[in-house]
Amino acid sequence: MKTIGVLTSGGDSPGMNTALRSIVRTCAHYKIKCVGIVRGYSGLIEDNTKVLNTRSVRGIINEGGTFLYSARCDEFRQATGREKAYKTLRNNNIDGLIVIGGDGSFTGATKLEDEFNFPVIGIPGTIDNDIYGTSHTLGYDTALNTVMDAIDKIRDSAISHDRLFFVEVMGKDAGYIALRSGIAIGAQEILIPEVNTKIKDLTNSLKNSKKSGKTSSIIVVAEGYKPEKNVYQIADEIQEKLPNYQVRVSVLGHIQRGGRPSCFDRVLGTQLGVRAVESLIDGNYGKMVGINNGKITLTELSKAIKGKTKINKDLLRISQIMNT
Ligand code: ATP
């Protein structure tokens, strides 16, 4: 392994820069050349690359986003696009590729491996925490802290005006951000794709809390929770059923992807970067590096893509006890 390539792909997440810094420095440690590919698979198709050295990654350990830029690239979904990408890998004498991204990016990486027998390693970089084989994806912890800070501020307004706030957080297919942040901010209810909470039950819960003297409430809603309605429609329906509440909606949106990585994500990004390079050196390809019970682990990329992570049932139970 003389030259390692690295790219960031899909949605950005805090900690990607930290992982890049770690990869570049680990390559330097093992006297391996490191080539950065700019804008994910688009850069791989267009041969948009730059050689990275330890100075290239100065001062980025605490920066959000990714200095290599990220992209979604439809051309890479086609075999012709991947042939161009493979040519770039060959032109730059790259012997192994580290892909930092979500399950879509990993699917692309496995195709490079299957079609060209090319060594790849994945680092799970996504705030959604929806990747099998790791208890935490890179950026998840930071996103949770961002959501918690934002909702704490919304709560100030909710209390001052006796309001009921519906706060929508990211998570199209998974409720991890909603469940954990919802517990952390003391949400009245947490609505996630994995649980079919009925509007009727939500209305009853709010009625009961009003009876018990509660004057303001926060409902955390994952993007993916949709009983055929979006957060605004749910809020309208509740407003109609409970006219005594002043209902408001806040959609947190892209602030959840940004910001300086938390301590946890900085350490995780550094650990994952080191292990990714060392796995390529060891000839342990086609794997995703992750963390489980505090240990850095390797999972087959195909399993990481296909496997389903399950919502923590105990956290769900706890959140329901807290609603009492
Ligand atoms: P996020 O979790 O933030 O959405 P992601 O990695 O899942 O990240 P996607 O947009 O799904 O984001 O995928 C990123 C890129 O990976 C795509 O733009 C495409 O270039 C490549 N990719 C995704 N799916 C495939 C596929 N089936 N075949 C080849 N390449 C793919």
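Residues numbered from 1 in each chain as written. Predicted model: local features only at pLDDT ≥ 70, side-chain atom pairs only at ≥ 80, totals over all residues. Heavy atoms only, no water.

Caption draft 1: Local environment of the pairing of strand β1 (residues 3-8). Judged by how many residues are buried, β1 sits mostly within the fold: six of six residues are covered. Burial along β1 is two-sided: T3, G5 and L7 facing one way and I4, V6 and T8 facing the other are all buried. In terms of strand pairing, β1 meets strand β2 (residues 33-37) through four bridges, oriented parallel. Looking at the pairing, I4 lines up with C34 of β2. In the classification by handedness, the crossover that spans β1, the intervening helix α1 (residues 16-29) and the parallel β2 is right-handed. Two strands pair when backbone bridges link them, and β1 and strand β4 (residues 96-101) are joined in this way by five bridges, in the parallel orientation. (Buried < 20%, exposed > 50% of the residue type's maximum accessible area, 1.4 Å probe, protein only. Helix = DSSP H or I, 4+ residues; strand = E, 2+ residues; numbered from the N terminus. Pairing = 2+ DSSP bridges. Right-handed = clockwise from strand over helix to strand, strands pointing away.)

Caption draft 2: Region of the structure containing the state of the cysteines. Inspection of the entire model under this criterion finds zero disulfides. With no disulfide partner, C27 has as its closest neighbouring cysteine sulfur the one in C34, 4.2 Å distant. Residue class for C34 comes out buried when judged on its relative accessible area of 2%. (Disulfide = S-S within 2.5 Å.)

Caption draft 3: Inspection of a nonpolar patch on the surface at higher detail. Taken together, the side chains of M1, Y30, I281 and Y285 define a hydrophobic patch exposed on the protein surface, amounting to about 330 Å² of accessible area. Relative to the elements of secondary structure, I281 occurs in helix α9 (residues 263-281). (Patch = residues over 30% accessible without salt bridge, like charges linked within 9 Å, V, L, I, M, F, W, Y side chains within 5 Å. Areas by Shrake-Rupley, 256 points an atom, 1.4 Å probe, with all protein chains shown as cover. Salt bridge = Lys/Arg side-chain N within 4 Å of Asp/Glu carboxyl O.)

Caption draft 4: Quick look at the layout of surface pockets. Considering only enclosed or pocket space, the largest pocket measures out at about 990 Å³ in volume. Taken together, 41 residues form the lining of the largest pocket, with R72, G102, D103, G104 and D130 sitting closest to its centre. Elements that contribute at least two residues to the lining of the largest pocket include exactly α4 (103-116) and α10 (301-306). Broken down by element, the lining of the largest pocket gets its largest block of residues, six residues, from α4. (1 Å grid on protein atoms, 1.4 Å probe; cavity = no way out; pocket = protein on both sides within 12 Å on 5 of 7 lines; lining within 4 Å. Points joined across faces, edges and corners; volume = space filled by probe spheres on them.)

Caption draft 5: Main features of helix α7 (residues 199-211). Taking 1.5 Å per residue as the helical rise, α7 with its 13 residues ought to reach 18 Å, and the 18 Å between its terminal C-alpha atoms agrees with that figure. Residues of α7 that are buried sit in contact with β6 (163-169), β7 (189-191), β8 (217-222) and α8 (231-241). (Expected span 1.5 Å × (residues − 1). Contact = heavy atoms within 4.5 Å.)

Caption draft 6: Looking closely at the site of the ligand. Around the ligand there are 17 residues in total, and R72, C73, G102, G104 and S105 lie nearest to it. At 2.6 Å, a side-chain N or O of R72 approaches an oxygen atom of the ligand. Within the contact set of the ligand, an oxygen atom lies 3.0 Å away from a side-chain nitrogen or oxygen of D103. Within the complex, the protein chains bury 85% of what would otherwise be the 620 Å² of accessible surface of the ligand. For the ligand, the cavity whose grid points lie within 2 Å of the majority of its atoms is the largest pocket. A class-by-class count of the residues in the shell around the ligand yields three nonpolar, nine polar and five charged. (Near = heavy atom within 4 Å. Polar contact = N/O pair within 3.5 Å; in protein donor to acceptor, adjacent residues only side chain to side chain. Sits in = over half its atoms within 2 Å of the grid points. Nonpolar A, V, L, I, M, F, W, Y, C, P; charged D, E, K, R; others polar.)

Caption draft 7: Inspection of the sheet that holds β4 at higher detail. Taking strand neighbours across the sheet as the criterion, the seven strands line up as β3-β2-β1-β4-β5-β10-β11 in an open arrangement whose pairing is mixed. Bordering the open sheet on either side are β3 (49-52) and β11 (295-300), each of which pairs with just one other strand. Between one strand and the next, the sheet's axes are offset by a mean angle of 30°, whatever the strand orientation. Its contacts with the sheet put α1 on β1, β2, β3, β4 and β5 (120-124), and the angle it makes with β4 is roughly 165°. (Axes fitted to C-alpha atoms, helices over the stretch in contact; angles between N-to-C directions.)

Caption draft 8: Quick peek at the side chain of R257. Within the secondary structure, R257 is located in the loop between β9 (246-251) and α9. Buried charge without a partner: R257 forms no salt bridge, and the closest opposite charge is D12, 4.4 Å away. Polar side-chain contacts of R257 include one of 3.4 Å to the backbone oxygen of D12. Dropping the residues within four chain positions of it, R257 is found in contact with G11, D12, S13, P14, R72, I127 and M170. (Lys, Arg positive; Asp, Glu negative; His and termini not counted.)

Caption draft 9: Spotlight on the pattern of salt bridges. Throughout the structure, instances matching the rule amount to seven salt bridges. In this structure, R77 and D74 form a salt bridge, with 3.3 Å as the shortest nitrogen-oxygen distance. An identical accessibility class is assigned to R77 and D74; each is exposed. A salt bridge links K241 to E237, with the shortest nitrogen-to-oxygen separation between them at 3.0 Å. Taken together, the positions of K241 and E237, both in helix α8 and four residues apart, correspond to about one turn of that helix. Three or more residues are tied together by salt bridges with common partners; here these are K229, E237 and K241.

Caption draft 10: Here's a closer look at the sheet that holds β9. With respect to topology, four strands assemble into an open sheet ordered β7-β8-β6-β9, the strand pairing being parallel. Only two strands of the sheet have a single neighbouring strand rather than two, namely β7 and β9. For this sheet, the mean inter-axis angle between neighbouring strands, taken without regard to orientation, is 20°. Contacts between α7 and the sheet are confined to β6, β7 and β8, with β8 contributing the most and set at about 160° to the helix.

Nothing here speaks to function; it is all geometry.
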